[in-house]
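Structural overview
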Amino acid sequence: MATELFRAHVLVCAGAACVSSGCREIRDAFVIKIRELGLQDEIKIIETGCVGSCDLGPLALVYPEGVFYQKLKPVDVEEIVTEHLLKGRIVERLLYREPITAKALPSLKSIDFFKYQEKIVLRNCGIINPLNIEEYIARDGYMALAKVLTSMTQDEVIDEVMRSGLRGRGGGGFPTGLKWKFARQAEGKIKYVVCNADEGDPGAFMDRSVLEGDPHSVIEAMAIAGYAIGANQGYIYVRAEYPLAIERLTWAIKQAREYQFLGKNIFETGFDFDVDIRIGAGAFVCGEETALMISIEGKRGEPRPRPPYPVVKGLFDSPTLLNNVETYANIPVIILKGADWYAQFGTERSKGTKVFALAGAVNNTGLVEVPMGTKLGDLIFNIGGGIKNNKKFKAAQLGGPSGGCIPIQYLNTPIDYESVTQLGAIVGSGGLIVADEDTCMVDFARFFLDFTQDESCGKCPPCRIGTKRMLEILTRITHGEGEEGDIDRLIELATRIKQSALCGLGQTAPNPVLSTLRFFRDEYEEHIRDKKCRAGVCSSLFDAPCQNACPTDQNAWGYVTLISEGRFREAIEVIKADNPFPGVCGRVCFHPCESKCRRRQIDEPVAICALKRFVADYDRNTFEPFKPDVTPFNNKKVAIIGAGPAGLTAAYYLACKGYKVTVFEALPVAGGMLAVGIPDYRLPRDVLDYEIKAITDLGVEIKYNTVLGKDITIEGLLKDGYNAILLATGAHKGQKLNIPGEDVEGVLDGVTFLRNLNLGKPVKVDGNVAVIGGGNVAIDAARSALRLGAKEVFIIYRREKEDMPAYKEEIEEAEQEGVKIYTLVAPKRIIEKDGKVTAIECTRMSLGEFDAGGRRKPVPIEGSEFIIPADTVIAAIGQVPDTSFINGDGIKVAKNGTIEVDIKSLGTSKPGIFAAGDTVRGPASVVEAIADGKKSAQAIDMYLGGDGVITKSYREELLTLRVSYNEEEYQKEMPREEMSHLSLSERYKNFKEVVLGYPLKKAVEEAKRCLHCYIREEE
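Residues numbered from 1 in each chain as written. Predicted model: local features only at pLDDT ≥ 70, side-chain atom pairs only at ≥ 80, totals over all residues. Heavy atoms only, no water.

Per the counting criterion, the structure on display carries 0 disulfides. In this structure Cys589 is not part of a disulfide, and its nearest cysteine sulfur, from Cys585, lies 4.8 Å away. Here Cys589 falls in the buried class, since its relative accessible area comes to 10%. The structure places no disulfide on Cys593, whose sulfur is separated from the nearest cysteine sulfur, that of Cys589, by 6.2 Å. (Disulfide = S-S within 2.5 Å. Buried < 20%, exposed > 50% of the residue type's maximum accessible area, 1.4 Å probe, protein only.)

Here is the structure:
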């Protein structure tokens, strides 16, 4: 029969994920259009197995060019056929685009998801038609079986598998060759070869995809195994939930029989072997080998004690070899290319590759095959493309319900059997679920335990009852009903279950709980003691996720709702119950509330921060602005050291509680870094001064130019009758670069530069200005230098732009204004002439391993030094607190210079002395400093006999309030209201405020976008 020749092949991915997303419609559209143009004899359409990139489907590959088209719709097919297949012009709009540069990448090999992989198990998936045995044969299919039957003894086959170092890919990683050897040596006239294709882990689809995309590789391997151990019958156990895998496997077995690769006298060698399918009902326990074999026998799948092990007494009480799909898929390649070839991949004790089902909060999801020993961070960030929506990586659950989580500080962990076991996880079958900062680890553990408890076969009490009790405790904790002692109860139950459960599934069921307790115990404690879910998942613990995310516990949903109703007076009252600086925060807050806003599931989060600014400005410009109620003086005095946001916030709440508050400030102005660290174009001085005056109007006294340790002392204040003292001195000390030449004229530190600028002192910048750093201070220094007349301003940052800690919008504004950002560059030395800076010698950097915070460490590239001319250098690499005033006062200071406090009360080691803000945290955000000020005021009030309560205005009314407008109209996809900005010409060489607030109508319309997720129907 003549072979059909085609000038092009179009491979449509028909893995289960692509089938569910509409690949069949794509295939049909190709067939129809190709026939319409009369190209059916030139172009062949092929359904192939899973290509791997599940999030990009439906997708198609066009050969011989190897062009990769993704996220296709049926209407896209006509353009591909008419432009690419007919005219030879690639359709660029349908290509994959590199996330950072948006560059179109035409081929698989140029896409990070594919280029870092090493495909052995998945060698044919996405390349051949799984329904055509001849395509498998064309890629050396059944050659390994022929080699084994015609030129190798049974012992030679087993020896080859043993020398390869292949370990079972279904769970604990038992050496495959050793298992085959035991099965070969087992006594019995009848032996069986069984393939475990049950694969019931949540999020796992490795084995299923191999059966769908390359079923012959498993059939061939099972025949080889049958020859090696002396078996003539094999069974593939696959769950009924995978109909596509069953369909293609059934067809492949039929074809293998027709081609006489299965059946009697294979290759005329006298060897007989056949394979049958057994379909399971989907019970998770049937993934356990003894339960699986009992199920094949037609009985209820329940595990039995071991020993005897299946290789001695398994299926039908006969010696049985059982491996999973992935293990078998390696065998033909090992036989053909040799054990030494296979053993070059992986680590010393974990050879070869491993297939992972990468899922969860990662940009690129799908099937990934990498060498054993690949680092977790490389897999998630190089292949997975990093975390969705620029969120922060939190942990990866490896090994499914039987595995454990690996947190951010272990991103450099090599994924091999030994390394992950040390962290309380297992490689397992390869399920890898990525969790980001929005994941609650208590609820995460509850999810997996709920699964295993529901899937328990019930045969043994430890699993049946023990996991039930653990689940009850976890459910209570996530519902805000946790009790002291719950953590100890969980550990005790988990330990007993591991020691006494009958099968491996029961013994490993507590693993997710134990691993999350090991690395995230603080989250459990927060749920139990503080009734707090930091991730905003356990809705019983908060009113709305926006409020839960705010460090100040700001009732954001409340004031947004009031704005939507035009009730601005009540809105500012709601805000000031939690934050005395709404105008400030509305301009400079990093708005963590918006990162949790559920509106982003539709389009963009509500502009919560901008709405706060609107109502603050509206109130400030009214005839009679809001004033809080003040309790009469209670004859107690509190001294606060530092008039920054933490100190002034504490003063506000203490004054409202009736205390006489005196604030001692070293600077000639109040506001701390708000006043001397943030330029006017971001935070106009009149806004700050207004909100400080609202605090002093409550009776708070501020004494300026008063330095602790020089003008006043802690002991002196206590003798003067102050009942409590709060230390809130901030972090005003700039850090040194620690490079040669940084002490010459023209080298400044960013904190001092901005302080002098904001205090009106002479600040001179000439020519080219180099700013070193990537935080907000660096951005503010750079933008200020431009306004002061610098010829050119550039920022030098040692990591990539995405790693810069500065606010994204501030970075964008800086670039629009003309600031240049040089990334992956670090200063090496300052070059000077006549005692004045003239240039910087820099080194190019590459990114190496991950640090404890999840960012890659910058590493100098040897020999990459270069010179950048510079007339002024501003070092903005961070600040530290200056606690030199503490000398023999009995207050403990940490190694990094921060004051040690009790985390709940903010009390120091000396009774009556408290500390808050950057003095405790190190340099942090304004809203965190405000939160600390509020918290310290509550703690001081309780210390001095008060109740520590700050009343939430309008909360009860708002929880039941139904808005007057049609909510449904605003729950459709609609753009976020944007605030206008000064044009570049209007802000040239001046410090006018750049971002302009909402006008009234826009503010109300934006507020109406709130989904009111705090309103819950009665259960």
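This paragraph deals with the pairing of strand E10 (residues 271-280). Each regular strand carries side chains that alternate between the two faces of the sheet. The sheet contact formed by strand E8 (residues 233-239) and E10 spans 7 bridges and is parallel. Within E10, the residue paired with Arg239 across the bridge is Gly280. Bridge analysis of strand E9 (residues 263-266) against E10 gives 2 bridges, and the strand direction is antiparallel. Note that in E10 the partner of Gly263 across the bridge is Phe273. Between E9 and E10, which pair antiparallel one after the other, the connecting turn spans 4 residues, and Phe267 there sits at a positive phi close to 55 degrees. (Pairing = 2+ DSSP bridges. Helix = DSSP H or I, 4+ residues; strand = E, 2+ residues; numbered from the N terminus.)

So, about the packing of aromatic side chains. Counted under the stated rule, the structure contains 28 aromatic pairs. Judged by centre distance (5.2 Å) and plane angle (75 degrees), the rings of Trp341 and Phe345 are edge-to-face. Arranged with centres 6.4 Å apart and planes meeting at 70 degrees, the rings of Phe381 and Phe393 form a pair that is edge-to-face. In this pair, Phe381 sits in helix H15 (residues 376-383) while Phe393 sits in strand E14 (residues 393-398), placing the two residues 12 residues apart along the sequence. An aromatic cluster of three or more residues is present, and its members are Tyr136, Tyr142, Tyr259, Phe261 and Phe267. Between Arg787 and the ring centre of Tyr681, over which it is positioned, the NZ or CZ distance is 4.1 Å. The ring centre of Phe866 lies 4.1 Å from the NZ or CZ of Arg844, which sits over that ring. (Phe/Tyr/Trp six-rings, centres within 6.5 Å; stacked < 30°, edge-to-face > 60°. Lys NZ or Arg CZ within 6 Å of the ring centre and 35° of its normal.)

Next up on the list: the packing of helix H9 (residues 206-213) against helix H10 (residues 215-229). Put simply, H9 and H10 touch, their axes get as near as 5 Å, and they point 95 degrees apart. Looking at the two axes, H9 sits roughly perpendicular to H10. Contact residues: H9 offers Val210, Leu211, Glu212 and Gly213, while H10 offers Pro215, Ser217 and Val218. Grouping the amino acids of the contact of H9 with H10 by side-chain chemistry returns 4 nonpolar, 2 polar and 1 charged. (Axes fitted to C-alpha atoms, helices over the stretch in contact; angles between N-to-C directions. Parallel < 35°, antiparallel > 145°, perpendicular 65-115°, else oblique. Contact = heavy atoms within 4.5 Å. Nonpolar A, V, L, I, M, F, W, Y, C, P; charged D, E, K, R; others polar.)

Topologically, Ala291 is positioned in helix H12 (residues 289-296). A C-alpha to C-alpha distance of 75 Å links Ala291 and Glu986, two positions 695 residues apart in sequence. The residues touching Ala291, leaving out its near neighbours within four places in the chain, are Val285, Cys286, Gly301, Glu302 and Pro303.

Right, let's get into the sheet that holds strand E1 (residues 8-13). The mixed open sheet is built from 4 strands, whose spatial order is E2-E1-E3-E4. Of all strands in the sheet, those with a lone pairing partner are strand E2 (43-48) and strand E4 (67-69), marking the two edges. Pairwise comparison of adjacent strand axes, ignoring direction, gives a mean angle of 20 degrees for this sheet. As paired elements, E1 and E2 share 6 bridges and run parallel to each other. Bridging from a neighbouring strand, Val12 pairs with Glu47 of E2. Against the sheet, helix H2 (residues 23-36) makes contact with E1, E2 and strand E3 (60-63), and its axis sits at roughly 170 degrees relative to E2, the strand it touches most.

Right, let's get into the pattern of salt bridges. By the definition in use, this model includes 85 salt bridges. Taking the shortest distance from any N to any O, the salt bridge between Glu956 and Arg955 comes out at 2.6 Å. By relative accessible area, which is 55% here, Glu956 ends up exposed. With a relative accessible area of 27%, Arg955 lands in the partly exposed category. Three or more residues joined by partner-sharing salt bridges are found here, namely Arg682, Asp780, Arg783, Arg787, Glu810, Glu813, Glu817 and Arg987. (Salt bridge = Lys/Arg side-chain N within 4 Å of Asp/Glu carboxyl O.)

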